[in-house]
Amino acid sequence: MELHQESKKHALAHSHYSNYANVVSRFDDFLRWYDDDPIDRPSLNAHVLQDPVFVYQLFWSFQRWHFEGYSERSQTQPTERVLANLQRQWIRIICWAKSVLVSGGLMCSPLGDVWPEGSKKLTRFLHEVGHHRYADGESLVSQKLLTQIPLSVTDKEATELLFRQIEDDFNKVVRWARREIDHIAHRLNVIDQACDQGDLITLGSRISARAYGQPVMGMNSLIRTVKETHNGFAIIDHAMRGHLVSATGSSFSTSELAANLAMPTKYAIAPIALWLVAQHPVLTEASLLKCELFDRNGKRTGFVKTDSGSVLVVKKNRKGKQQEVVLSDDAASVVELLIQITAPVRRYLKEKRDDAWRRLFIVAGGQGFQEPYTFTNQTSFAKILRQKAFIQAHSAELGDMVSVLSLARIRATAGVLVYLKSLSIEKMAESLGNSKRVAMNHYLPPTIMQFFQERWVRIFQNAVIVHAMKDSPYLLDATDFSSMSELDMFLEAHALRTPPEEPEQLSSSSEQISGSSDPEIVISIDEGVLGVLLSLKMAVEQAGPRAAGTAVYWSQFAAKIEAHIESDGYLDPYIRGCLVKAKGIANPQQFEGLVYG
C-alpha cells in the first residue's frame, strides 16, 4: 500500500509522462522473473532491501533482464529505435527507484550509490530524463523552459520562480533578440550611405588613390561593389577575395562585410526566429523555418495582408494542414525586414532555378558569401545556437541563457507565461496551438501545476473556514494565507461581486457603493471578510512605505468600505454591527508577513 501511494505521488509529479505506470509494471515483471529464476538467490523481503550490496546486485540483474531479455520476451531482435526506447524506460525506472523506493525508505541506495546506467552507446544518459536532468548532481530539474524548474520546491521558492525568474529569463532573451534585429535594420538603412562613400570595383582595376589602402574606404567600396555589381550577393571564393584585396589595397573581414550588408547569415537569422516565436508561440520551429513565402507559380502566399492584419501562412507538421497566424504589427515588420535581407540570396537561388528561393528563411552560407541554404532535417537550427562563435558573441549579454537557447524552449516558456498570467490551461493551449491535454502534459512543468493546485485548495479551505467560523472570535487565527497573492485572490473571490444586469433589492449582507446611474460594484460583506480587510489595513499602516502594491490596494479598499459604513448617510444596523465586531477581532499580526510582497 505504501509503495502504491508513493508511486502514485511520483507519477502525478511527472504527469507529462503518460507511461509512468509502465515503470511499476516493468519492475513487477522483473520481480516475478527474479522469484521464478532457478539460480539460487536471497529471497526478496524488507530486510534485504536495506542491504546496499543486495540492492546493487538486484539492479544490475534488473538492467540485464531489461535489455538482454528483450529478444526472449518479444521473440525479435531489437532495432536501434527499440534500444533507444529501452534506454529511456531504464532512465525512468532509475528515477522512480530513487524518488519512490529510496526516498520513501522502502529500499536503500546500492553500494556506493552506484546505479547501472543502461547502455552508454545509446542516446541518453542517467542524468537526463527527457527534459529532466540533475543540475548540480543532486537536484532534479526540468529544462523544458529557458529557466530550470526544480521538480520539488517549497511554496516560497515556487512563488519566486514562477513570478520572477521565468519571466525575467524570457524577457532577457526577447530584449536581446530585439536589439539584434534593430542592429540589422540599422545596418540595412545605412548601406546607401556607405555606397555613396565608396568606389565601384571593376575587374583588373584599383579604387581611387585617395581610397586605396584605407580600410574604411575599402570596406565602403566592397559594399558598393557587392550591392551594385552583384545585386547584393556574391560567392566570394579564394580567387575573388584576392582580386578584391588587390583592388582596395587592404585585407577585409568577410563577416564584417556581411554584417555591413545585412546579409542573412545564420547568426543574423537566429534572433529573428527566436523573437518571432516568443511573440507568437503558436509558431513551431518546423512550421516557421520551413514556411514557404511563394508558391510554385511565384505568387506570394506565405505572408499576406488581410482585413484581419498581416497573416503568416505555415504548415504545422503534426496537424498536417495549413495554419494562418495573424501577426502583431511588430512581428509583421520583422517579417518584412527578413524578406528584405533575404532578397539578394533569394534572387541568386531563383536565377539558379533552385526551388529553395520560395522559402521565407534563407541563410547565406559560411560567413555570408557561400552557397545559400534553407533549413532541412539535416541542417539543424539548434546547432547554430550551440556553435562556439555564437556563444562567445552573446554570452556577455545573455549569461547562462546562451547555453539553453532554443526555439522549443522559448516557445514553451511563452506558453507557460500565458498560463501564469491567466491561470487558464485553455488560454495556454490556444497560445501554443495545441489541445489542453497536450499543453498540460507536455508544456506545463508539473511543479507549476502542483503549486497552483495546492494554492487553490488553500484558498478554498480559507473560504470554507471564513463561512464556517463567521461567528467565532477565532476566525482570523483559523485562516492560513501563505502569500499576498493568495489573499488577493481570496478577497477578489469573496469580497467583490459583479452586479446583476437588473439588480434586485440587496440583502443585508451586501453593500453597494455607487450612485444609481454610475458603474457599480457589489461588495459581499460579513464579519469575516471585514475582519480580513481591517487586519490587512492595520498591517499595511504598520509596514508604511515598505508595503507591496497589492497590499496597499486592499488597504485603501478597506478604508473606503469602513468610511462608507460609518458615514451619516448609511443606516443599515446589521452591516454596522458587522463592522463593530470586525474591529474587535482585527489582528494585524495575522498578515504582517504578507504585506511586503
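Residues numbered from 1 in each chain as written. Predicted model: local features only at pLDDT ≥ 70, side-chain atom pairs only at ≥ 80, totals over all residues. Heavy atoms only, no water.

## Here's the deal with the environment of R241
Within the secondary structure, R241 sits in helix α9 (residues 238-248). For R241, a relative accessible area of 25% translates into the label partly exposed. For the pair R241 and T254, spaced 13 residues apart in sequence, the C-alpha separation works out to 9.2 Å. For R241, the contacting residues outside a window of four places in its chain are I236, S251, F252 and T254. (Helix = DSSP H or I, 4+ residues; strand = E, 2+ residues; numbered from the N terminus. Buried < 20%, exposed > 50% of the residue type's maximum accessible area, 1.4 Å probe, protein only. Contact = heavy atoms within 4.5 Å.)

## Digging into helix α18 (residues 436-443)
Along α18, the positions that sit buried rather than exposed are V438, A439, N441 and Y443. Close packing links the buried residues of α18 with α16 (407-422) and α17 (425-432).

## Structural notes on the nonpolar core
Counting 103 residues, the largest nonpolar core has L257 and F361 as its most contacted members. It is helix α13 (residues 329-351) that provides the largest number of residues to this core, a total of eleven residues. In contact with F361, other than residues within four places in its own chain, are I269, I272, A273, L276, L288, L289, L338, T374 and F375. Core analysis: the second largest hydrophobic core is formed by 25 residues, L536, V540, C578 and F591 among them. (Core = buried A, V, L, I, M, F, W, Y, C linked by side-chain atoms within 4.5 Å.)

## Considerations on the packing of aromatic side chains
Under the counting rule described, the total for this entry stands at 18 aromatic pairs. An angle of 80 degrees between the planes, with centres 5.3 Å apart, marks the rings of F59 and W115 as edge-to-face. Residue F59 is found in helix α3 (residues 52-68), and its partner W115 is found in the loop between α5 (80-102) and β1 (128-129); the two are separated by 56 residues along the sequence. Across the pair, exposure class does not vary: F59 and W115 are buried alike. With 5.1 Å between their ring centres and 75 degrees between their planes, F233 and Y348 make a pair best called edge-to-face. Residue F233 is found in the loop between α8 (215-229) and α9, and its partner Y348 is found in helix α13; the two are separated by 115 residues along the sequence. One exposure class covers both F233 and Y348, and it is buried. Here the aromatic residues F27, F30, W33, Y34, F59, F62, W65, W90, W96 and W115 are joined through ring pairs into a cluster of three or more. (Phe/Tyr/Trp six-rings, centres within 6.5 Å; stacked < 30°, edge-to-face > 60°.)

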